[in-house]
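Notes for the structure review
In case you want the letters, here they are:
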Amino acid sequence: MLVRHIARPMLGSIFIVAGADGLSHPEASARAAEPLVQSLVESAPESAGRYLPRDPQTYVRIHGALQLAAGLALASGRFPRVSAWVLASTLVPPTLIDQAFWRQPDPDLKLQQKTHFWKNISILGGLIIAGIDTEGRPGLSWRTRKAAGDAVAAISSALPGVEPASHSLQAKAAELGEVAREKVPEVAEYARERGAQLAETAQRRGSQLAEIASRRGGELAERISERGADVASAAESSRRRWFTR
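Residues numbered from 1 in each chain as written. Predicted model: local features only at pLDDT ≥ 70, side-chain atom pairs only at ≥ 80, totals over all residues. Heavy atoms only, no water.

In the annotation of an unreviewed UniProt entry, the entry for the protein reads DoxX family protein, and the organism field reads Mycobacteroides saopaulense.

Following this line, the structure appears as structure tokens:
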């Protein structure tokens, strides 16, 4: 993209200039870096401290060389993400050493250092964005998840007894169909046996119900005939009372 070809040289230009200046004129920055270098040498283990240089200008030149090399790489588009993270790491020490405005008693110098401090913070944010820019390609996290998913799928397919979901469903359906075909004759035989028993029970209960109905019907008819004369006499008496008034 054209924007990247323009923005990367702009972002790397300040580091190219600062790196070249640190290599050619390390004296000014060495005075500010001397307390940090002394603290580093004193806190290092004895086995490693003997190999560390004591001259602050040496560290300033190393710092300048890193900034110059990484600035050129970012500006040219060679290893832009790696160079952006290298530049970000070289930006933190001078920001905390040279621009520590909270330790400055002079108000004018404090304001100047405060401006440079936040300017460096803004540049650091731009370097972080450049360090995670994948130029539209899948990032490391996506590729890691994709590789993990592919590995799980490959292992699952290689394990014995593990089948894809569609094959498992088909196997279950075939198994259920086979069981149903085996059970059909048993269900039919059971239905025939129970049907004969039900028919015999219905026939037996039907004769019993007919006998009960015949007996109860005679008793009911006899009672009706007995009560019929009384009902007729009561009706005749009522008719005479109403119509003779």
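Okay, the overall build of the protein next. In terms of regular secondary structure, the protein is built from eight helices and zero strands. A total of 245 residues make up the protein; the buried ones form 17% of that total. If you sum the accessible surface of the protein, you get close to 18,200 Å²; carbon and sulfur atoms cover 63% of it. (Helix = DSSP H or I, 4+ residues; strand = E, 2+ residues; numbered from the N terminus. Buried < 20%, exposed > 50% of the residue type's maximum accessible area, 1.4 Å probe, protein only. Areas by Shrake-Rupley, 256 points an atom, 1.4 Å probe, with all protein chains shown as cover.)

According to the stated counting rule, one finds four aromatic pairs in the structure shown. Ring centres of Phe101 and Trp102 lie 5.2 Å apart, and the angle between their planes is 75 degrees; this geometry places the pair in the edge-to-face category. The class of Phe101 is buried, set by a relative accessible area of 13%. Its relative accessible area of 45% is what places Trp102 among the partly exposed residues. Here Phe117 and Trp118 contribute two aromatic rings whose centre-to-centre distance is 5.1 Å and whose plane-to-plane angle is 85 degrees, an arrangement assigned as edge-to-face. Judged by relative accessible area, Phe117 falls into the buried class, the value being 11%. Taken together, Phe101, Trp102, Phe117 and Trp118 form an aromatic cluster joined through their ring pairs. (Phe/Tyr/Trp six-rings, centres within 6.5 Å; stacked < 30°, edge-to-face > 60°.)

Where nonpolar side chains cluster on the molecular surface, the patch consists of Leu2, Ile6 and Met10 and spans about 350 Å² of accessible area. Along the polypeptide, Leu2 turns up in helix H1 (residues 2-24). Residue class for Leu2 comes out exposed when judged on its relative accessible area of 62%. (Patch = residues over 30% accessible without salt bridge, like charges linked within 9 Å, V, L, I, M, F, W, Y side chains within 5 Å. Salt bridge = Lys/Arg side-chain N within 4 Å of Asp/Glu carboxyl O.)

The geometry of helix H2 (residues 27-43) relative to helix H4 (residues 56-76) is characterised by a closest axis approach of 7 Å and an angle of 105 degrees between their N-to-C directions. Considering their axes alone, H2 and H4 lie roughly perpendicular with respect to each other. On H4, the residues that touch Glu27, Ser29, Ala30, Ala33, Glu34, Val37, Leu40 and Val41 of H2 are Pro56, Gln57, Tyr59 and Val60. Of the residues assigned to the contact of H2 with H4, the class counts are eight nonpolar, two polar and two charged. (Axes fitted to C-alpha atoms, helices over the stretch in contact; angles between N-to-C directions. Parallel < 35°, antiparallel > 145°, perpendicular 65-115°, else oblique. Contact = heavy atoms within 4.5 Å. Nonpolar A, V, L, I, M, F, W, Y, C, P; charged D, E, K, R; others polar.)

Our next topic: the packing of helix H5 (residues 80-98) against helix H6 (residues 107-132). Where H5 meets H6, the closest approach of the two axes is 8 Å, and the angle between their N-to-C directions is 165 degrees. It follows from the interaxial angle that H5 and H6 lie roughly antiparallel. Of the two elements, H5 crosses H6, and the hand of that crossing is left-handed. Note on element contacts: H6 touches H5 through Gln113, Phe117, Asn120, Ile123, Leu124, Leu127, Ile128, Ala130, Gly131 and Ile132, opposite Arg81, Ala84, Trp85, Leu87, Ala88, Leu91, Thr95 and Asp98. Split into classes, the residues belonging to the contact of H5 with H6 amount to twelve nonpolar, four polar and two charged. (Left-handed = near helix turned anticlockwise from the far one by under 90°.)

This part covers H2. Relative to the 24 Å expected for 17 residues at 1.5 Å per residue, H2 spans 24 Å between its end C-alpha atoms, a close match to the ideal helical length. At Ala33, H2 shows its maximal kink, close to 50 degrees; a proline, Pro35, follows between one and four residues later. Against the buried residues of H2 lie H4. (Expected span 1.5 Å × (residues − 1). Bend = angle between axes of the 7 residues up to and from the residue.)

On to the pattern of salt bridges. Evaluation of the coordinates by the stated rule reveals three salt bridges. One salt bridge connects Arg8 with Asp133, and the closest N-O pair in it is separated by 3.8 Å. Highlighted residues: Arg8 in helix H1 and Asp133 in the loop between H6 and helix H7 (140-158), separated in sequence by 125 residues. Residue Asp133 is classed as partly exposed on the basis of its relative accessible area of 22%.

Within the largest apolar cluster, eight residues are counted, these being Phe15, Ala70, Leu74, Leu87, Ala88, Leu91, Ile123 and Leu127. Looking at this core, the elements with two or more residues in it are H4, H5 and H6. Those residues in contact with Phe15 that lie beyond four places of it in its chain are Gln67, Leu68, Gly71, Leu87, Leu91, Ile123 and Leu127. (Core = buried A, V, L, I, M, F, W, Y, C linked by side-chain atoms within 4.5 Å.)

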